Structure formats: C-alpha cells, structure tokens
Amino acid sequence: MAAESDADALYSFLESRDVNIDTEFMKKEKIDLAALRVMDDKELANFIPHYGDRVALRSYLKKADDQRKKKSKVTLVASLRQKLKEMRRPKKLSAKNQMSESDSDVDEGIGQTGTLNPYKGNQNATKDSRKVKFGIKSKLDDTFVNIRVKKGGGPRDITAKKSSKKRELIEQAKELYFGKSGTSKLGCVDDFSFDMQNFEEDILDDEISVGKLYEQTGLNKLTFYLLLIPKCEYHEELPKVQRPLKRPRTTNSTGNISDDDDEDLPDPSLSDQREIVSFDILSEAMLAADMPLFFQEPNNNPDEVDDLLGFNTVPATCNSTNSASCIQTAHCSEEIVPIHSLLSVSSNPRHHQENLEPAAINVQQDISLKIDKVLRIHRVTLLDEMLVFFKDPEIMNKKTTFEFVSEHGSDMNGVSRDAYSAFWIEFFRRSAEGEESRVPALNSKWQGEEWQAIGRIFAKGFVDQNILPIQMSPVTLIVVSFGEVSVTDKILNDAFLNYISKTERDTISLALNRDSFEEEVLDDLIDFLDRFSCKQRPTKENLQSLLSNIAHKELIQKPKYATDNMALGCREVFLSHFLSVERILTTYRDMEPTPKKVLKLIEALPKGSSEATSLRYLQQYIRGQNSVSLKKLLRFLTGSEAITVEKIEVTFTQLEGLGRRPIAHTCGPLLELPSTYLSYPELRNELDSILADDSCFVMNIA
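Residues numbered from 1 in each chain as written. Predicted model: local features only at pLDDT ≥ 70, side-chain atom pairs only at ≥ 80, totals over all residues. Heavy atoms only, no water.

With an unreviewed UniProt entry as reference, the protein chain is termed HECT domain-containing protein, source organism Magallana gigas.

As structure tokens, this is what we get:
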C-alpha cells in the first residue's frame, strides 16, 4: 500500500509539470520508484524527454528518500523508548503468587499493589553462596608479589559458600592452583606453607566468614590472595640479586636453542655450551629476597618455558613428585642435581654429600669451567642487571658476551664494548659526583656486595674489551689499585680541578695567580668553600691548603666505603696490568679522545673523487667536534667513548635520497660512508641528526 501511495504521489508530481507518462507501460515494464532511482540520464530520457523534467524528478526522489529516512529514525527511536518504558514498569504478579509470597515480599521490595520491582532488594541475600575472586602471591622478604598466569598463577573466579572461613578458602585455592594431584607449574603443594590475604591485602581473620565480609564491605565481589611461603632449608645458600632473572636458554655450539625433549638435550661432549641469562621481574624479586629457585615442568612451547622463581642453565626434567625443585644437568641425562648445588657452594658439606651422586658432584666441580656466559640485558635496566650478574665472583673466570634484548646485534666485541660503556654512562649519571671527572657516590640502595660487583665490572671490562671509564677520576683507580698512600698532592689537586665545574675552576685559577683577592673574587671563593662546608676565610697563604683538604675529603674520604669494596673485586686485576701510578695516568692520557687521535684511527682506500670527497667531509666533521660530541661519535663508531681500538675502517656506499645515511658496525669497527654527499653541510646534518638521538646506539644489524 505504501509503495502504491508513493507511486501515485510521483505521477501527480509529473502531471503537475505536464509530463506525459504512459503509466500502463511503466507498470508493465516494472519501472517503479526503485528503478527510477538507479537509472542514468540516458535511460531516463526514454520516458521523460525534457532535461529539466528529469532534474526535477531526481530532486523529488531525493527529498522523498530523506523524508522516509527521517520518519524511519523517528519510528525507531519511538520504538526503543516504548521498550524502555515497558522494562521500567513493575511486573504484575499472578493472584496465586501474590497469595503465596505476600509475607516474604514485603521485605524484598514488593508493594501492597502486588508489583515487583526487579531493581529493589538484594537477590544475593537469598543465596547460600557467593562469587569470589582468588589471586596468588609468593613471599618476598616482608612482602608478597603476584604470580602471573603463565607462571601458574593469575586471577581465578569461583563460587564459595557464605559460611566458608579462612581454612576452607585456603583449601579451595590450593585445589584451584595446584589441582587435585597437588602439583602444578608452581611446584608441589608440600613445598609451601599457606596463608591468605583479604581484599585490602591484610592477613584474613580465621573466624570471619565470606557472608560476613560481604555484609561488612558492601562489595559486589570479594578478592582473596593465597600466599605461598616456600619451605626451604637452603635459604642462606642462595645468591642475592636486585633485578629479575628470566629463564635462560641453553644453546649448543651451533647457536640453536635446545628443546625440552630428552632427545634434544645438549650433547654432553660439547664443551662450549653457553649459559644465556636474561631477566624477569618476578624471579628477580624472589632472588632478591634470598628465596629458593623452583622450576616448572617444561611444556611444548619454548617461549613459555619460564622458570617460576629463578633461572637454570639447561632444560629442566624431573620424574619425582617434587619435580619443580630439581634440574637435569647437561652432562648426564640420568643424574638429577638440586639447583642449589649448581648456583652456589653450600655452607653445609654434609648436605651435598647426602644429596648428590658422585657423577653429579663432579659436574658441580667443573661446570663453571665449561660454560661461557651470554648475558642478556635490557638497555633501560642495564645498570641493575649488570650488578646482578657481576655479584658472582666466578664471572671473572668466564668468557662472557652480551646480547641486548629485542636487538639484532651479534657480539663480536662491539656489543660488549657498548654494554660496558652504557653501564658506565648510566653509573656516572646516577651514582657519581663531580663534573668532567667523577667519583663514586654512596646511596642507600647499594651495600658492599653491589660495590664489589662494580669493581668486577671495572676490571673485566678493561681486561676483556679495554674499556676504561675515563670519566672516573684517576684518583679512584689509583686508590683501588695501590691504596690511598699512592695519591700525591699534585695528582689530587689536578683531579680536583676536573672534579669541580669550569666556572669554579676558573675562579680557583684566578685566585691562585693573584697576589691579593679582589672583592668579587673573594665572594666567589667564600661561596665555593661554603659549598664544601668549609667556614674558614680564604687568604693567599692558606688557599692551597684549604683546596687540598677539600680535595682529599671529596675524592678519597667520601667515597672510601665504595672504593674499599670496589678494590675487593678489581685490585688483583689492576695490580697485574698497572705496575705503577704513572702507568695509570699514561693510560688515561692515551685513551682520552681528541680529534687528532681519532683521525689517526681512520683507515680508508677511496676510489674516485666522490669517495675521496666524502672522506674529506668526514675528517672535517671530526675536527669540528668538542669533547662531548667527539665521545658520542666515537661510541657510535666503536661502542666505546674512549679510544679502545687500533683502527676504524671506512668503506663507501652509493646510498642516495631518503635511504642515505652512515652505517656503523662496532665489531669491526667499520663505517659504511655514502659517497654521494654534494657538500659538507649534508654530511654534518645527517651525522648530527643521528647522534642527537640515543636510539643510534641500538643494535639494528645482526
């Protein structure tokens, strides 16, 4: 009917314009409004010869469509409003239900009219059970940390009786996370003591029930946390760490990651197996609390074979019920060795004698000699992660390489140089005092163990990669190597001038070279001395003595705790390399980069004028760098801010357009320099843009 009405309206419109249309023919050919809407002008001309009539027809059809859509929207909105009204209306009860429920309905929001409002009253009050959420945490010192889903934890929803109390909730949670068998990724249920926290993370009262908690809090859903407290008799044997350790994977000599199946275990005959160590927040936190390292059963997905609370050097396998706390060695597929015996030397020899088979004891004695460490680190947490690795004194006897997580660089010395350099840059930024030359600064987070680890990094970086942090005051290196008595007054005073800012240095130099102090110089000197808590008035006679005392306090006395502990980790190494204090000072001078020294390192064989021109532009760029920018350029080229290599090879490419850029390979070191620069400003602009962004140090090339 609506379609006929629309057609009649159309015909009336056409007749008003004196358009003669054979309506019978149109009906016979089924030319209705829908067909007219899709006809092009040529087809429409067969029925309406005049162009103006055709334009008017299209305008009419458009207005009709707009009105229809508007009406449809209004109808839809009205329909939705009507439905909402009906949903909000109280529901009528039948006469039978009104009679049977008249007594109880008064308390549940049913009025005298016999209507029920579904939004009034608490329907959960009539149930004898409620939904609750469980989480799981593991003990860390005096706190607890959440265990993630892939570790076997994560949030779980269950239905608990309102009468359930703490004991019943713990039993439900144990079955939920450990299963009926009592074992899961978390380990064996017998390995833990259990407690429970409420939603406010306070220990749950033994006598309060779920229903009572719902009444007291008014919450829609309660959350409880099952607390795991490991039962471990080896508490004192485990190493302390500050950063989490993610599950390391064992690689064979070809670099392939071994699978978890027995047939794919590393060949015991291979002596160059490597220990790859990486980080995970949960496991770091557990190790930081001296908690035991438990291991899960391997699954079929190597990306998810993460140790729950620690790290291992080979895939874990165990046939016992307590499979989460043992590890299979790479040397013997039939010997099971407790992880504690592989990580540290027990203070209880009897324990080892009772728990290790002879073959496993031999493995323990020589395992550190047959494993190279591949240290997997993140750039954003590099400082803390390096400290964790170097807390182990045995690392000094191992060949170590580095891998940056999510980067492609393969360590052929370049990655290691960059790792040590990045460590010292972050160290000087966060934990050192001074300007051009800096000394360690004590902080509340680091104790003797951490400073010893810094000493090992100091020594191993120098021995393995020739990395000497030249921003470290030479006084510090002399003290940790030869002791305080080897620091002469001249060395101390020269180092102090580099320790203070340039403005203060200029003030001191001006004062020392004047016979008397002008008022402005005297005011600056007093402000300077006041900064170091020196209240004595400076004079020409006592100024040098005051400066020497301040220098001794700032460079030797204040960092003494740090340098004493650093010496425990590096003194023996430095004594064997630096036979005298003068050798240390000479090394500092040789490694300090200058444009002239860097230019001597450049080796290139240009072919043709374009390559020679690009090389000349590079040399001009190096000559124009100041001390800070030159160190950054040197790190971009070699991985180190100091001069640690004998040469920097330069080759040439034909890159053009947006793809043109210098490409550095720190392992060589090698620089691929485009030979397509038309002017020096082009090369300067590209290198400045690259070095302005710290992402230029990310290893994007394998």
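Caption draft 1: Representation of the packing of aromatic side chains within the structure. A complete count under the given rule lists 24 aromatic pairs for this structure. Pairing Phe 574 with Phe 578 gives two aromatic rings, centres 5.8 Å apart and planes at 40 degrees, and the pair type is tilted. Summarising the burial analysis for this pair, Phe 574 and Phe 578 share the class buried. When the ring of Tyr 617 is compared with that of Tyr 680, the centres are 6.4 Å apart and the planes differ by 55 degrees; the resulting orientation is tilted. Residue Tyr 617 is found in helix H25 (residues 609–623), and its partner Tyr 680 is found in helix H27 (residues 680–691); the two are separated by 63 residues along the sequence. The pair Tyr 617 / Tyr 680 is uniform in exposure class, with both members buried. Put simply, the rings of Phe 423, Trp 424, Phe 427, Phe 428, Trp 446, Trp 451, Phe 458, Phe 462, Phe 574 and Phe 578 touch in pairs and so form one group of aromatic residues. Note that Lys 137 overlies the ring of Tyr 225, its terminal NZ or CZ placed 4.3 Å from the centroid. Sitting over the ring of Phe 404, Arg 379 keeps its end group 3.9 Å from the ring centre. (Phe/Tyr/Trp six-rings, centres within 6.5 Å; stacked < 30°, edge-to-face > 60°. Buried < 20%, exposed > 50% of the residue type's maximum accessible area, 1.4 Å probe, protein only. Helix = DSSP H or I, 4+ residues; strand = E, 2+ residues; numbered from the N terminus. Lys NZ or Arg CZ within 6 Å of the ring centre and 35° of its normal.)

Caption draft 2: The environment of Leu 630, seen in detail. Secondary-structure assignment places Leu 630 in helix H26 (residues 627–638). The class for Leu 630 is buried, based on a relative accessible area of 2%. Spatially, the C-alpha atom of Leu 630 lies 9.7 Å from that of Ala 642, the residues being twelve residues apart in sequence. If we skip the residues at most four places from it in the chain, Leu 630 touches Pro 593, Thr 594, Pro 595, Val 598, Ile 622 and Gln 625. (Contact = heavy atoms within 4.5 Å.)

Caption draft 3: Structural view of helix H19 (residues 502–512). Among the residues making up H19, those that are buried are Glu 504, Arg 505, Thr 507, Ile 508 and Ala 511. Each buried residue of H19 sits inside an arc of 160 degrees when the element is viewed along its axis, so together they form one side. More than 90 degrees from the buried face of H19, the exposed residues found are Lys 502 and Thr 503. Where H19 is buried, its residues meet helix H18 (489–499), helix H20 (519–531) and helix H21 (543–557). (Arc of directions from axis to C-beta.)

Caption draft 4: Quick look at the nonpolar core. Phe 390, Phe 423, Trp 424, Phe 427 and Phe 496 are the most contacted members of the largest nonpolar core, which totals 75 residues. The dominant element in this core, judged by the number of residues it contributes, is helix H15 (residues 414–430), at eight residues. If you look at the next biggest cluster of nonpolar residues, it comprises 28 residues, including Leu 630, Leu 637, Leu 673 and Leu 691. (Core = buried A, V, L, I, M, F, W, Y, C linked by side-chain atoms within 4.5 Å.)

Caption draft 5: Examining the side chain of Thr 563 more closely. Within the secondary structure, Thr 563 is located in helix H22 (residues 560–577). Apart from the residues within four sequence positions on either side, Thr 563 is in contact with Thr 476, Val 479 and Val 480.

Caption draft 6: The arrangement of the pairing of strand E3 (residues 129–140) in detail. Bridge count between E3 and strand E5 (residues 156–161): six bridges; the pairing is antiparallel. Paired with Lys 131 across the two strands is Thr 159, which belongs to E5. Bridge count between E3 and strand E4 (residues 143–146): four bridges; the pairing is antiparallel. Paired with Ser 138 across the two strands is Val 145, which belongs to E4. (Pairing = 2+ DSSP bridges.)

Caption draft 7: Fine view of the sheet that holds strand E18 (residues 602–604). Ordered by their spatial adjacency, four strands build an open sheet running E18-E19-E21-E20, and the pairing between neighbours is mixed. Lying at the two open borders of the sheet, with one neighbouring strand each, are E18 and strand E20 (663–665). In this sheet, neighbouring strand axes are inclined to one another by 30 degrees on average, regardless of whether the strands run parallel or antiparallel. With three bridges connecting them, E18 and strand E19 (residues 648–653) associate as parallel partners. Residue pairing for E19: Glu 603 is matched across the bridge by Glu 649. Here H25 sits on the sheet and contacts E18, E19 and strand E21 (670–674); the angle it forms with E21, its principal contact strand, is near 115 degrees. (Axes fitted to C-alpha atoms, helices over the stretch in contact; angles between N-to-C directions.)

Caption draft 8: Inspection of the side chain of Thr 638 at higher detail. Mapped onto the elements of the fold, Thr 638 is located in helix H26. Other than its neighbours up to four places away in sequence, Thr 638 contacts Arg 417, Val 645, Ile 648, Thr 666 and Pro 669.

Caption draft 9: Spotlight on the pattern of salt bridges. Inspection of every chain in the model, using the stated rule, returns 30 salt bridges. Its salt-bridge partner being Asp 206, residue Lys 166 comes within 3.3 Å of it at the nearest N-O pair. Of the two residues, Lys 166 sits in helix H8 (residues 166–178) while Asp 206 sits in the loop between strand E8 (192–197) and helix H9 (210–217), which places them 40 residues apart along the sequence. Owing to a relative accessible area of 10%, Lys 166 belongs among the buried residues under this scheme. Classification of Asp 206 by relative accessible area gives partly exposed; the value is 47%. Here Arg 430 makes a salt bridge to Glu 426, at a shortest N to O gap of 3.6 Å. Taken together, the positions of Arg 430 and Glu 426, both in helix H15 and four residues apart, correspond to about one turn of that helix. According to the relative accessible area criterion, Arg 430 is partly exposed, its value standing at 40%. Judged by relative accessible area, Glu 426 falls into the partly exposed class, the value being 22%. Each of Arg 379, Glu 407, Asp 418 and Arg 635 takes part in salt bridges that share partners, so that together they form one network. (Salt bridge = Lys/Arg side-chain N within 4 Å of Asp/Glu carboxyl O.)

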